[in-house]
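Residue-level listing of the chains:
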Amino acid sequence: MTVNLSYNGDLARVLVAISSVPNGTVKVERSTNLLAWFPVRGGVGLPVVAGTAGLSDYEFSPDVENHYRVTQTSLEDKVDFFTSSGTWSKPDGLVAVRVTVVGGGGAGGGSAATGASQASMGAGGMGGACAIHWVDAASLGATEEVVVGAGGVAVSGGAGGAGGLSRFGSSGSPWASATGGTGGSTSSASSSAGVVMSSGATPTTVGDVGIPGEAGGNGRCLASAALVEGGNGGSSALGHGGRAGAATSGTSAGSGGRLYGGGGGGSAAVASQSATAGGNGASGVVIVEHIFAG
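Thresholds, definitions, all that
Residues numbered from 1 in each chain as written. Predicted model: local features only at pLDDT ≥ 70, side-chain atom pairs only at ≥ 80, totals over all residues. Heavy atoms only, no water. Helix = DSSP H or I, 4+ residues; strand = E, 2+ residues; numbered from the N terminus. Contact = heavy atoms within 4.5 Å. Areas by Shrake-Rupley, 256 points an atom, 1.4 Å probe, with all protein chains shown as cover. Salt bridge = Lys/Arg side-chain N within 4 Å of Asp/Glu carboxyl O. Buried < 20%, exposed > 50% of the residue type's maximum accessible area, 1.4 Å probe, protein only. Core = buried A, V, L, I, M, F, W, Y, C linked by side-chain atoms within 4.5 Å. Phe/Tyr/Trp six-rings, centres within 6.5 Å; stacked < 30°, edge-to-face > 60°. pLDDT = per-residue confidence, 0-100. Pairing = 2+ DSSP bridges. Axes fitted to C-alpha atoms, helices over the stretch in contact; angles between N-to-C directions. Patch = residues over 30% accessible without salt bridge, like charges linked within 9 Å, V, L, I, M, F, W, Y side chains within 5 Å.

Let's talk about the overall build of the protein
Regarding its fold elements, the protein presents 0 helices and 26 strands. Counted over contacts in the protein with a minimum sequence separation of 6, partners at least 24 positions apart contribute 68%. Carbon and sulfur atoms make up 51% of the accessible area of the protein, which amounts to about 13,000 Å² in all.

Quick word on the pattern of salt bridges
For the structure on display, the rule yields 3 salt bridges. Its salt-bridge partner being Glu289, residue Arg98 comes within 2.9 Å of it at the nearest N-O pair. With a gap of 191 residues between them, Arg98 in strand β10 (residues 94-102) and Glu289 in strand β26 (residues 285-292) connect regions that are remote in the sequence. Relative accessible area serves as the criterion here: at 23%, Glu289 is assigned to the partly exposed category.

A look at the nonpolar core
Within the largest apolar cluster, 19 residues are counted, with the highest numbers of intra-cluster contacts made by Trp88, Val97, Val99, Val101, Phe168, Val286 and Val288. Listing elements by their share of this core, those giving two or more residues are β10, β12 (130-136), β15 (174-178) and β26. Top contributing element to this core by residue count: β10, with 4 residues. Not counting chain neighbours up to four residues away, the residues in contact with Val101 comprise Ala129, Cys130, Ala131, Ser166, Arg167, Phe168, Ala176, Ser177, Ala178, Val285 and Val286. Residues Ala119, Met121, Val228 and Ala247 belong to the second largest nonpolar core, which totals 10 residues.

Quick word on the packing of aromatic side chains
Overall, the coordinates contain 2 aromatic pairs when judged by the stated rule. On the numbers, 5.7 Å between centres and 70° between planes, the contact of Phe81 with Tyr260 is edge-to-face. Pair noted here: Phe81 is in strand β8 (residues 79-82) and Tyr260 is in strand β24 (residues 258-260), with a separation of 179 residues, a long-range link. A residue is classified by how much of its surface remains accessible, and Tyr260, at 23% relative accessible area, is partly exposed. Centroid distance Trp88 to Phe168: 5.5 Å. Interplanar angle 70°. Geometry classified as edge-to-face. Within this pair, whereas Trp88 is found in strand β9 (residues 86-89), its partner Phe168 is found in strand β14 (residues 166-169), the two being separated by 80 residues in sequence. This pair shows no difference in class: Trp88 is buried, exactly as Phe168 is.

Some points on the confidence of the model for the protein
In this model, the protein carries an average pLDDT of 83, and 73% of its residues clear a pLDDT of 70 or more. Note on residues 41-62: pLDDT under 50 across the span, and 60 contacts to partners over four residues away in sequence or across chains.

Digging into the sheet that holds strand β25 (residues 268-270)
The strand order across the open sheet built from 3 strands is β11-β25-β23, with neighbouring strands paired in antiparallel fashion. Of all strands in the sheet, those with a lone pairing partner are β11 (119-121) and β23 (250-252), marking the two edges. The average angle at which neighbouring strand axes cross in this sheet is 5°, direction not considered. Across 3 bridges, β23 lies against β25 in antiparallel orientation. When the sheet's bridge partners are listed, Gly250 is paired in β25 with Val270.

A word on the environment of Gly213
Along the polypeptide, Gly213 turns up in the loop between β18 (209-211) and β19 (219-222). The buried category is assigned to Gly213, whose relative accessible area is 11%. Counting along the chain gives 84 residues from Gly213 to Ala129, while the straight-line C-alpha distance between them is 4.5 Å. Ignoring any residue separated from it by four or fewer positions in sequence, one finds Gly213 in contact with Met126, Gly127, Gly128, Ala129 and Ser235.

A few points about the pairing of β15
On a regular strand, one side chain projects to one face of the sheet and the next to the other, so that they alternate. Of all 5 residues in β15, 4 are buried, a share of seventy percent or more. From the end of β14 to the start of β15, which pair antiparallel, there are 4 residues. Sheet analysis places β15 next to strand β17 (residues 205-206), joined by 2 bridges and oriented antiparallel. Across the sheet, the residue bridging to Ala178 is Thr205, located in β17.

Some points on a nonpolar patch on the surface
A cluster of nonpolar side chains, contributed by Val95, Trp134, Val209, Ile211 and Ile291, occupies part of the molecular surface with about 380 Å² of accessible area. Mapped onto the elements of the fold, Val209 is located in strand β18. A relative accessible area of 32% places Val209 in the partly exposed class.

Written out as structure tokens, the structure reads:
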């Protein structure tokens, strides 16, 4: 931000001219001792619009014993928050960005159709991975592509679908990207106790910091199909996994992942039930935090 103070000959007024400032509000303050600062005229702010030539219409009456300063008190559009794919535009005056991306969560595994003395269950879906990256504004284009990974879709009686990749930047060379979580596996119907293990591919991230999503929980059947539980969904860095279904009879579907990148819970079925789906994974997110000159 550039600030110019101009005075007339007898110090009857001060004219404040502001230029090269991002969206926001600036404030004029005064002090007689440089220790305690007070807003001029009750802290009236000047709205500044990015891209304008500047402002030069704010006047106040000075005192030769007073000291004056102009400060930026707020920044508009400081964070761009994407919950769906789109395009990011670089604001004027930007110095750098911190980008956080979270992939979509995997869906929980479904439970297969069961006979009279059988049970089946699904493991929980894996949480989406997270990447954080800092980029100088000079390196960024005027616009950058944003992709938000969808949550995995649950399948009745089958393994859950995987979550989608989230990224900031081009597909060939993104500034930051994080893969989605894998879907939960499912067991076949059985009258015996057993466990269905969660499955999870190694997540891939691009950025300064990479945080893998939590693996989904295992599903299990106890005491020869007397009690069956699905697996809880895995959490992401910015989301919670869905709860698993559990039953001693009938079916209990897993719940969907919550917030950003949470995996869906696995479902459970006992005794002559139709196939059931687990919970869907939660979609990811892309957060672009703007850093301006102080």
